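Listed below are the residues making up each chain.
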Amino acid sequence: MKKAFGEAALGLQHVLAMYAGAILVPLIVGAALGLTSEQLTYLVSIDILLCGVATLLQVFNSRYFGIGLPVVLGCTFTAVGPMIAIGGQYGISAIYGSILVSGLFVIAVSGFFGSLVRFFPPVVTGSVVTIIGITLIPVAINNMGGGQGSEDFGSLSNIALSFGTLAFIIFIYKFSRGFMRAVSILLGLIGGTVAAWFMGKVDFSPIAEASYFHVVQPFYFGMPTFEWSAILTMILVALVSLVESTGVYFALSDITKKEIKEKDLAKGYRSEGLAIFLGGIFNAFPYTAYSQNVGLIQMSGVKSRKIIFIAAIMLIVLGFVPKIGAMTTIIPTPVLGGAMIAMFGMVIAQGIKMLSGVISESQENSMIVACSVGLGLGVTVVPELFALLPAGVQILTSNGIVAGSLTAIGLNIVFHMLPSRKRKRAAQAVQSSQTVTPH
């Protein structure tokens, strides 16, 4: 009994460590798309449920699926900006059409993605993550003011709530360690919501209206539609997420002292592709391995897959209870905005961290970052720049994330992968090795 209680407590820790990230994505995307409280409750609930399903797919180690490591999967923040952009341009049905196709694409390339990783070195993935983080900041700022178009936008109470939430998160992050620091965003959201309740800004009606149990419904938001630019965007998001997950796999391999081979990576990628595909069917999100849970494993020293299995079951149970999902929908918009600044800022910081080592390696890397981030941000701010180009070309240029990502990939090929560049570098290396220092 005591052992079971301890295992349950450890599983709950993993749920709490990833919960803020798991609920923030549907809350941000749902708010941006103007969903009703009932739709938002469903979106949060199905996302939590599929986080559990996606985690189970990785924890189990079958012939075709599962890397067999204590991996926790959650919806990726990399997809937030693209989903909002796709939903705004083509509608919510195009979001799920693109997720479905990207999931199938990941399954298709899972067997040989290891060889494609060379097209996504840190200079490319770092640039993409930085672009995505930067393009998300306006969403956070609008929410800090109370939400775009709200009657009390920028009111003193909204500003106080948003900055108070951010300050509380920073305070926890500064003066806590370990698990408390890992859940600082979640604690900030709770603290901000409590403060908003005292100010009369919390509406509990979504909780009262939500049911205690719901049946999962495929294509809840309608049948998917397919747009080429949306599909390309989501495939890029999925590929970047796979690169991030690869890092998590190897980190866990090192922690658990379990060697992973190419076939193990393929099964891990295939599981992520299946999780993404299920997200498209049940109107959830693309999924990726969560690094915050790796930190928790390292901190606790408990490396058992059984604990992650327990956490996955907890997530699935929570996902079947809409009342729990509805609790997250009562978080006021300014409170969300304050937390978003920290979350999206961390996305940018992660991108900069990935780039910090590679920029100093060569001037070529600096040019790749400069052009890709500059173009990605520029197209986001001035989307009409390519409005007069043919529709087929606009598939690649209408979205800042796609434009910036393709620029980074293309320039990396030009600077680092073309045969002429390789031959020149090899010749320089030989010449350098043959140079004799005079005495």
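From a predicted model like this one, the values you see are computed outputs, not experimental measurements.

**As for the environment of P383**
Okay, step 1: Along the polypeptide, P383 turns up in the loop between α17 (363-381) and α18 (391-397).
Okay, step 2: You can call P383 partly exposed: its relative accessible area is 42%.
Okay, step 3: Considering only alpha carbons, one finds P383 and G400, 17 residues apart in sequence, at a separation of 7.7 Å.

**Some thoughts on the packing of helix α2 (residues 37-59) against helix α14 (residues 305-319)**
Okay, step 1: Close contact between α2 and α14 brings their axes to 7 Å; oriented N to C, the two are set at 155 degrees. Judged by the inter-axis angle, α2 sits roughly antiparallel to α14. In the packing of α2 onto α14, the handedness of the crossing is left-handed. Between α2, through S45, I48, L49, C51, G52, V53, T55, L56 and V59, and α14, the contact on the second element is made entirely by R305, I308, F309, A312, I313, L315, I316, L318 and G319.

**Quick word on helix α19 (residues 400-417)**
Okay, step 1: The end-to-end C-alpha distance of α19 is 24 Å, a good match for the 26 Å that 18 residues give at a rise of 1.5 Å each.
Okay, step 2: Counted residue by residue, α19 has 14 buried out of 18 residues, so it is predominantly covered.

**Some remarks on the nonpolar core**
Okay, step 1: With 124 residues, the main nonpolar core has I28, F77, V80, I185, L189, Y287 and F344 as its most contacted residues.
Okay, step 2: Apart from the residues lying within four places of it in its own chain, the contact partners of V80 are V25, I28, V29, L136 and F344.

**Regarding the confidence of the model for the protein chain**
Okay, step 1: For the protein chain, mean pLDDT is 84; residues scoring 70 or higher make up 92% of the total.
Okay, step 2: Here helix α20 (residues 419-434) stands out as the least confident element of the protein chain, with mean pLDDT 58; helix α4 (residues 92-109) is the most confident, with 95.

**Regarding unusual backbone geometry**
Okay, step 1: Positive phi outside glycine occurs at K257, with the angle close to 60 degrees.
Okay, step 2: Along the chain, K257 falls in the loop between α11 (228-256) and α12 (262-281).
Okay, step 3: One non-glycine residue, N283, adopts positive backbone phi at about 60 degrees.
Okay, step 4: Mapped onto the elements of the fold, N283 is located in the loop between α12 and β2 (287-289).

**Some remarks on the packing of aromatic side chains**
Okay, step 1: A full pass over the atoms with the stated rule returns 10 aromatic pairs.
Okay, step 2: Pairing F60 with F309 gives two aromatic rings, centres 5.8 Å apart and planes at 65 degrees, and the pair type is edge-to-face. Here F60, found in the loop between α2 and β1 (73-75), pairs with F309, found in helix α14; they are 249 residues apart in sequence, far enough to count as distant.
Okay, step 3: Measuring from ring centre to ring centre gives 6.2 Å for Y96 and F221, while their planes differ by 0 degrees; the resulting arrangement is stacked. Taken as a pair, Y96 in helix α4 and F221 in the loop between α10 (205-209) and α11 lie far apart in primary sequence, 125 residues in all.
Okay, step 4: One residue, R181, lies across the ring of Y173, its end atom 4.3 Å from the ring centre.
Okay, step 5: Lying over the aromatic face of Y212, K323 brings its terminal NZ or CZ to 4.8 Å of the ring centre.

**What to know about the side chain of K323**
Okay, step 1: Residue position: K323 is located in helix α15 (residues 322-329).
Okay, step 2: Look at K323: it is buried, it has no salt bridge, and the nearest opposite charge is E209 at 9.3 Å.
Okay, step 3: K323 has contacts with I207, A208, A210, S211 and Y212, leaving out every residue within four places of it along the chain.

What counts, and where the lines are drawn
- Residues numbered from 1 in each chain as written.
- Predicted model: local features only at pLDDT ≥ 70, side-chain atom pairs only at ≥ 80, totals over all residues.
- Heavy atoms only, no water.
- Helix = DSSP H or I, 4+ residues; strand = E, 2+ residues; numbered from the N terminus.
- Buried < 20%, exposed > 50% of the residue type's maximum accessible area, 1.4 Å probe, protein only.
- Axes fitted to C-alpha atoms, helices over the stretch in contact; angles between N-to-C directions.
- Parallel < 35°, antiparallel > 145°, perpendicular 65-115°, else oblique.
- Left-handed = near helix turned anticlockwise from the far one by under 90°.
- Contact = heavy atoms within 4.5 Å.
- Expected span 1.5 Å × (residues − 1).
- Core = buried A, V, L, I, M, F, W, Y, C linked by side-chain atoms within 4.5 Å.
- pLDDT = per-residue confidence, 0-100.
- Phe/Tyr/Trp six-rings, centres within 6.5 Å; stacked < 30°, edge-to-face > 60°.
- Lys NZ or Arg CZ within 6 Å of the ring centre and 35° of its normal.
- Lys, Arg positive; Asp, Glu negative; His and termini not counted.
- Salt bridge = Lys/Arg side-chain N within 4 Å of Asp/Glu carboxyl O.

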